[in-house]
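Below are the chains, spelled out letter by letter.
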Amino acid sequence: ISVRNNVINDTYRGIEVLLPDWFTTPVKIFNNSIRTTLPRFNDPMVGLRIAGSSQSQSGPVLVEYVNNIFQGRSGQNDIGVDIYSAFQMDSDYNLFHNVSSVYSGGSTTTGTNDLTGDPLFINDLLLLGESSPAIDSGASSAEYNGIPDVDINGNTRPQGAGIDRGASEKNN
């Protein structure tokens, strides 16, 4: 299952994976741009939610979350990745902005290459601004099998020194 190169703008939850402990193939969530500005009863917004149940197995699940951008609402309690408490997933090379917590709940196997900072989106298509920290800082297909070689617009990746995080590759 592959979820890649999507722009998700003004939503309550960006991407949700239900009961991944039942899956026999990996869920690869690569190069998505997610932003929310909508109020919702003061509930936290979530970029990615990995949901389990009381009957879920504990431990690693087949979910990879790589090269994504999540921008929450300023001054709110938004969460980058909400993981069911018994799960461990692979998450790395993501960019988070305006979140009170990057990860909540379970655990990740990596995350050492995640960044926090303003992605500098320039419009509602969530294109990257000139000095965005997402430019040239993402993981390549050599690091994660399945990283897309084109962006949402069909532009080849990379356009610069490295792959950009998010759905759109910045044309240099």
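Residues numbered from 1 in each chain as written. Predicted model: local features only at pLDDT ≥ 70, side-chain atom pairs only at ≥ 80, totals over all residues. Heavy atoms only, no water.

Visitor: Just to check I follow, could you spell out the overall build of the protein chain for this structure?
Guide: For the protein chain, the count of helices and strands is zero helices and twelve strands. Starting at the N terminus and walking to the C terminus, you meet the elements of the protein chain as β-β-β-β-β-β-β-β-β-β-β-β. In terms of C-alpha radius of gyration, the protein chain reaches 15 Å, essentially the compact-globule figure of 16 Å for 172 residues. Reported as C-alpha extents along the three principal axes, the dimensions of the protein chain are approximately 50 × 40 × 25 Å. (Helix = DSSP H or I, 4+ residues; strand = E, 2+ residues; numbered from the N terminus. Rg over C-alpha atoms; globule rule 2.2 N^0.38 Å.)

Visitor: Quick question: what am I supposed to make of the nonpolar core here?
Guide: Proteins that are soluble and globular tend to have nonpolar side chains buried together. Ranked by size, the top nonpolar core spans 18 residues in total, and within it Ile29, Leu48, Ile50, Val63, Tyr65 and Met89 carry the most contacts. Listing elements by their share of this core, those giving two or more residues are β3 (13-18), β4 (27-30), β6 (46-51), β7 (59-66) and β9 (79-92). Ranked by the residues each element gives to this core, the list is headed by β9, at four residues. (Core = buried A, V, L, I, M, F, W, Y, C linked by side-chain atoms within 4.5 Å. Buried < 20%, exposed > 50% of the residue type's maximum accessible area, 1.4 Å probe, protein only.)

Visitor: Sorry if this is basic, but what is going on with the pairing of β6 here?
Guide: Residues in a regular strand project their side chains so that they alternate between the two faces of the sheet. Taking burial as the measure, the six residues of β6 include five buried ones, the bulk of the element. With five bridges joining them, β3 and β6 adopt parallel strand pairing. When the bridges of β6 are listed, Val17 appears paired with Ile50. Across four bridges, β6 lies against β9 in parallel orientation. Residue pairing across strands places Ile50 opposite Ile83, the latter belonging to β9. (Pairing = 2+ DSSP bridges.)

Visitor: I tried to follow the side chain of Thr36 on my own but got confused; where do I start?
Guide: Turning to its location among the elements, Thr36 is positioned in the loop between β5 (33-35) and β6. The contact partners of Thr36, leaving out residues within four places of it in the chain, are Asp10, Thr11, Met45, Phe70, Gln71, Gly72, Arg73 and Asp78. (Contact = heavy atoms within 4.5 Å.)

Visitor: Before we go on, may I ask you to explain the packing of aromatic side chains in this structure?
Guide: Given two aromatic rings, their pairing is described by the distance between the two centres and the angle made by the two planes. In total, this model carries three aromatic pairs according to the counting rule given. Both rings, one in Phe30 and one in Tyr144, keep their centres 6.5 Å apart while their planes meet at 65°; by these two values the pair is edge-to-face. Within this pair, whereas Phe30 is found in strand β4, its partner Tyr144 is found in the segment after β12 (115-116), the two being separated by 114 residues in sequence. By relative accessible area, which is 0% here, Phe30 ends up buried. Looking at Tyr144, the relative accessible area reads 9%, which means it is buried. Consider the rings of Phe96 and Tyr103, whose centres lie 5.8 Å apart with planes at 70°: the pair is edge-to-face. Classification of Tyr103 by relative accessible area gives partly exposed; the value is 22%. (Phe/Tyr/Trp six-rings, centres within 6.5 Å; stacked < 30°, edge-to-face > 60°.)

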